[in-house]
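# Report on the structure
So you can see what is in the structure, the chains are spelled out below.
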Amino acid sequence: MSDRHFDELATRFAEKIYGGAKGAIRLAVLQADLKEALPDRPLRVLDIGAGLGHMSLWLAQQGHSITVTEPAEPMLQGARERFAAAGQQAQFIQAAWQELPDLLHEPYDLMVCHAVLEWLAEPHTILPVLHQLCKPEGWLSLAFYNKDALIYRNLLKGHFRKLRKEEYAGEKQSLTPQKPLDPRELASRLEVDWHIESQSGVRVFHDYMPQPFQAKAELSELLEMELAHRRHPAFAGLGRYLHWICRPTKRS
């Protein structure tokens with residue numbers, strides 16, 4: 001299995017990921033967490049696997065200096081167009097994460113790695129690169145597809161055969177990630193070089209709502225309730241994605 005890129009799926013990705021309430025909730029939680037964690041000064045930011053640049057653009061609008069990296073040219077072009085339409089500047093680099101240590105030689109204040117690990121053949125191999133490119137006093141914003149939530153969703157659907165076989169990967173052309181992450185295993189691997197400063201769930205209840213209730217709910221109320229419960233001790237771990245703000249603990 002190889003890393004998954006999105007050259008052929010850029011438009012579909014945009015529609016499915018950011019075209020409705022799911023994307024709005026995702027952005028709202030990530031932005032709220034970052035507003036809380038980051039200092040009120042311009043930072044040098046590296047967004048790895050930035051996709052269409054939604055988070056990068058928001059960070060640029062907060063006054064930060066952004067380097068956008070993305071292996072898929074259609075996605076990177078979409079990010080360029082998004083920045084241009086908003087009148088914002090960034091450095092754009094088409095490259096896979098493995099190439100970045102050779103291309104980038106100054107560490108960054110903030111590393112952004114959202115919805116990347118679950119598309120990698122070996123998700124944990126990116127962690128040393130994130131650490132290498134982050135300043136010792138910097139931050140890592142890490143968002144990943146939560147295996148616990150996927151299991152729970154399949155339990156609710158009665159997909160017991162799939163669970164017995166541990167068939168978690170999406171279909172070949174699916175936008176379901178190929179490698180959902182076990183948060184306990186990831187935390188164990190992170191603790192070598194990182195301290196997890198905060199943990200939030202992204203969509204801790206929305207995706208479990210029956211469709212008729214989803215359809216009737218006002219987006220403003222969904223956002224309010226998701227933000228209010230993103231760190232609830234009983235609900236945060238049910239987030240379809242988890243968002244962790246991490247700080248380096250030592251240099252290797």
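Only a predicted model underlies this, so the values are computations on that prediction, with no experimental measurement involved. (Residues numbered from 1 in each chain as written. Predicted model: local features only at pLDDT ≥ 70, side-chain atom pairs only at ≥ 80, totals over all residues. Heavy atoms only, no water.)

## Some thoughts on the overall build of the protein chain
When helices and strands are tallied, the protein chain shows eleven helices and seven strands. Sorting the 252 residues of the protein chain into buried and exposed places 48% on the buried side. Considering only intrachain contacts with a sequence separation of at least 6, the fraction spanning at least 24 residues in the protein chain is 77%. For the protein chain, the accessible surface area stands at approximately 12,200 Å², while carbon and sulfur atoms represent 49% of it. (Helix = DSSP H or I, 4+ residues; strand = E, 2+ residues; numbered from the N terminus. Buried < 20%, exposed > 50% of the residue type's maximum accessible area, 1.4 Å probe, protein only. Contact = heavy atoms within 4.5 Å. Areas by Shrake-Rupley, 256 points an atom, 1.4 Å probe, with all protein chains shown as cover.)

## Notes on the nonpolar core
Grouped together as the largest cluster of nonpolar side chains are 29 residues, with contacts concentrated most on Met111, Ile126, Leu130 and Leu186. Secondary-structure elements contributing two or more residues to this core are β1 (44-48), β4 (108-114), α6 (127-132), β5 (134-145), α9 (183-190) and β7 (241-248). Among the elements that make up this core, the one with the highest residue count is β5 (four residues). With sequence-adjacent residues up to four places away left out, Leu186 is seen in contact with Leu117, His124, Leu127, Leu142, Phe144, Leu181 and Trp244. Counting 22 residues, the second-largest nonpolar core is a separate cluster that includes Leu43, Trp58, Ala60 and Val68. (Core = buried A, V, L, I, M, F, W, Y, C linked by side-chain atoms within 4.5 Å.)

## Remarks on the UniProt feature "binding site: S-adenosyl-L-methionine" (unreviewed entry) in the protein chain
In this structure's numbering, the residues bearing the UniProt feature "binding site: S-adenosyl-L-methionine" (unreviewed entry) are Arg26, Gly49, Ala50, Glu70 and His114. Structurally, the position occupied by Gly49 is in the loop between β1 and α3 (54-61). Given a relative accessible area of 24%, Gly49 falls into the partly exposed group. Leave out the neighbours within four places in its chain, and Gly49 touches Thr69, Glu70, His114 and Val116. Within the fold, His114 resides in strand β4. If we skip the residues at most four places from it in the chain, His114 touches Leu30, Gly49, Met55, Ser141, Leu142, Ala143 and His243. (UniProt positions renumbered as here; feature names shortened; annotations may be inferred.)

## Looking at the environment of Lys179
Relative to the helices and strands, Lys179 resides in the loop between α8 (160-164) and α9. For the pair Lys179 and Tyr145, spaced 34 residues apart in sequence, the C-alpha separation works out to 8.1 Å.

## A short note on unusual backbone geometry
With phi around 55°, Ala115 is a residue other than glycine that occupies positive phi space. Topologically, Ala115 is positioned in the loop between β4 and α6. Ala115 gets classed as buried once you look at its relative accessible area, which sits at 14%. Of note, Arg203 is a non-glycine position whose phi angle comes to about 65°, a positive value. Structurally, the position occupied by Arg203 is in the loop between β6 (194-202) and α10 (211-216).

## Quick notes on the sheet that holds strand β3 (residues 91-93)
Spatially, the seven strands line up as an open sheet ordered β3-β2-β1-β4-β5-β7-β6, and their pairing is mixed. Edge positions in the open sheet fall to β3 and β6, since each of these has one partner strand only. The sheet shows a mean angle of 15° between the axes of neighbouring strands, direction not considered. Across the face of the sheet, α3 comes into contact with β1, β2 (65-69) and β4 while running at roughly 170° to β2. Of the strands in this sheet, β5, β6 and β7 are in contact with α9, which crosses β7 at around 10°. (Pairing = 2+ DSSP bridges. Axes fitted to C-alpha atoms, helices over the stretch in contact; angles between N-to-C directions.)

## A few points about α3
Because the α-helix completes a turn every 3.6 residues, residues three or four places apart line up on one side. Taking burial as the measure, the eight residues of α3 include seven buried ones, the bulk of the element. Within the span of α3, buried status applies to His54, Met55, Ser56, Leu57, Trp58, Leu59 and Ala60. Backbone geometry just downstream of α3 places Gly63 in the positive-phi region, at approximately 100°.

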